[in-house]
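# Chain and residue survey
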Amino acid sequence: MIAIRFDRFGGPEVLTPVQLPAPTPGEGEVLITVEAAGVNFADTHQTDGSYLDEDLLPHVPGSEVVGRTADGRRVLAWVSHGYAEQVVAAESRLVEIPDELEAAQALALNMQGLTAWHLLRSAARMSAGETVVVHAAAGGVGSLAVQLAKEFGAGRVLAQVSTPEKERLVLGLGADGIAEYPLREPADVVLDAVGGKLFDHALNSLASFGRLVTYGNASRTGFTPVDPARLSRLNASVVGFWLRPALAAPGAISGPLKELFELTAAGRLRPVVGNSYPLAEARRAHEDLLARRTVGKVVLRP
């Protein structure tokens, strides 16, 4: 089978198509023929060595797929080594999905949808009527966070984006306006995956008892150290969030994912299907993701 592997850490250029033996499922596992593999920003950190140690090289990245099991079930699955034509997954990590649900939409609701849900519900603990600012709002997480904030009763949702095309997208998803710093009014909640100067601007723009939730560093620049005394003067909080440990809590996957599927089926949530690339062009997918040329959910198709 074809898989995408990297043998050394680096940028997208280290991602190489290779021929590998098909994996063999162990006890409690199933073999899945991949229909689409999700591409996530975390994959770029695996590739550059931010998430992995050298003793794990060579490595096939990818943590989620949609595909079919040998007995014909169409499933969404959490996996390791998902950038491949076939993968194995634990039976307990499968969610059966209907044929009418587009693979990219299902993948968006999985990683990005769960992230957006937990950012608002678990990390920010958003209340109805609050003003929410979403950075990188045209991306996979951001585009869903804009919609979910409205669904959860936000009084006002402002979107931070990088191009006029992305402005049109997020306004069409229900954002009330575009976030430009300094904000005209303080924000109760800011969701930040960019870091750098945007993090600093956001911290200075929080309302009393506001929460700045940081869940990434797309700018790949250092964060300004946060002085607890400054937080006291601002009467504000900085909250860190990482999806993986959050999902270890009982009900952290099944309940939110059920709600996300129901909202999508009812037409109240629209996962944005972004760029789709052939599996062999994983390098180009990472290049476009890092250059912020993508919107919504990015997938690879064998």
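See the structure printed just above.
Residues numbered from 1 in each chain as written. Predicted model: local features only at pLDDT ≥ 70, side-chain atom pairs only at ≥ 80, totals over all residues. Heavy atoms only, no water.

### Regarding the overall build of the protein
Broken down by element type, the protein carries 9 helices and 15 strands. In terms of overall dimensions, the protein is globule-like: its C-alpha atoms have a radius of gyration of 19 Å, near the 19 Å expected for 302 residues. Across its three principal axes, the protein shows a C-alpha extent of roughly 60 × 40 × 40 Å. Across the 302 residues that make up the protein, the buried fraction comes to 50%. For the protein, contacts bridging at least 24 residues in sequence account for 66% of all contacts bridging at least 6. In the form shown here, the protein has an accessible surface area of approximately 13400 Å², with 52% of it arising from carbon and sulfur atoms. (Helix = DSSP H or I, 4+ residues; strand = E, 2+ residues; numbered from the N terminus. Rg over C-alpha atoms; globule rule 2.2 N^0.38 Å. Buried < 20%, exposed > 50% of the residue type's maximum accessible area, 1.4 Å probe, protein only. Contact = heavy atoms within 4.5 Å. Areas by Shrake-Rupley, 256 points an atom, 1.4 Å probe, with all protein chains shown as cover.)

### Some thoughts on the nonpolar core
Counting 54 residues, the largest nonpolar core has L120, M126, V132, V134, L148, L191 and L260 as the members making the most contacts within it. Taken together, the elements giving at least two residues each to this core come down to β5 (74-78), α2 (103-123), β8 (131-134), α3 (140-151), β9 (156-159), α4 (164-172), β11 (187-192) and α8 (254-265). Considering each element in turn, this core owes the most residues, 12 residues, to α2. Grouped together as the second largest cluster of nonpolar side chains are 28 residues, L15, I32, L52 and L279 included. (Core = buried A, V, L, I, M, F, W, Y, C linked by side-chain atoms within 4.5 Å.)

### Remarks on helix α1 (residues 41-48)
Among the residues of α1, those classed as buried are D43, T44, H45, Q46 and T47. Against β3 (29-39) and α9 (282-290) lie the buried residues of α1.

### Structural notes on the sheet that holds strand β13 (residues 237-240)
With respect to topology, 6 strands assemble into an open sheet ordered β10-β9-β8-β11-β12-β13, the strand pairing being parallel. Two strands bound the open sheet, and with one partner strand each, they are β10 (177-178) and β13. Direction of pairing for strand β12 (residues 206-214) relative to β13: parallel, over a ladder of 4 bridges. Bridging from a neighbouring strand, V213 pairs with V239 of β13. (Pairing = 2+ DSSP bridges.)

### A short note on the environment of L269
Among the structural elements, L269 can be located in the loop between α8 and β14 (273-278). In the structure, L269 is positioned 267 residues away from I2 in sequence and 34 Å away in space, judged by C-alpha atoms.

### Description of the packing of α1 against α9
At their nearest, the axes of α1 and α9 sit 10 Å apart, and the two run at 110 degrees to each other. With respect to each other, α1 and α9 are oriented roughly perpendicular. Of the two possible hands of crossing, α1 and α9 adopt the one that is left-handed. Counting all contacts with α1, which are made through F41, D43, T44 and T47, the residues of α9 involved are H286, L289 and L290. For the contact of α1 with α9, a count of residues per class yields 3 nonpolar, 3 polar and 1 charged. (Axes fitted to C-alpha atoms, helices over the stretch in contact; angles between N-to-C directions. Parallel < 35°, antiparallel > 145°, perpendicular 65-115°, else oblique. Left-handed = near helix turned anticlockwise from the far one by under 90°. Nonpolar A, V, L, I, M, F, W, Y, C, P; charged D, E, K, R; others polar.)

### Remarks on the packing of α2 against α8
Where α2 meets α8, the axes come as close as 10 Å, and the angle between the chain directions of the two elements is 105 degrees. Between α2 and α8, the interaxial angle falls into the category roughly perpendicular. Along its contact with α2, which presents L109, N110, G113, L114, W117 and H118, the element α8 presents P256, L257, E259, L260, F261 and T264. Each residue belonging to the contact of α2 with α8 can be placed in one class, and the counts come to 7 nonpolar, 4 polar and 1 charged.

### Some thoughts on the side chain of E130
Along the chain, E130 falls in the loop between α2 and β8. Among the polar contacts listed, one links the side chain of E130 to the backbone nitrogen of S127, at a separation of 2.9 Å. If we ignore the near neighbours within four places in the chain, the residues touching E130 are R125, A154, G155, R156, D188, V189 and R211. (Polar contact = N/O pair within 3.5 Å; in protein donor to acceptor, adjacent residues only side chain to side chain.)

### Considering the pairing of β9
Where β8 meets β9, 4 bridges bridge the pair, whose relative direction is parallel. When the sheet's bridge partners are listed, V133 is paired in β9 with L158. In this fold, the crossover linking β8 to β9 by way of α3 has right-handed handedness. Where β9 and β10 come together, 2 bridges link them in parallel fashion. By the bridge assignment, A159 is partnered in β10 with I178. At this point the chain moves from β9, through α4, to the parallel β10, and the crossover so formed is right-handed. (Right-handed = clockwise from strand over helix to strand, strands pointing away.)

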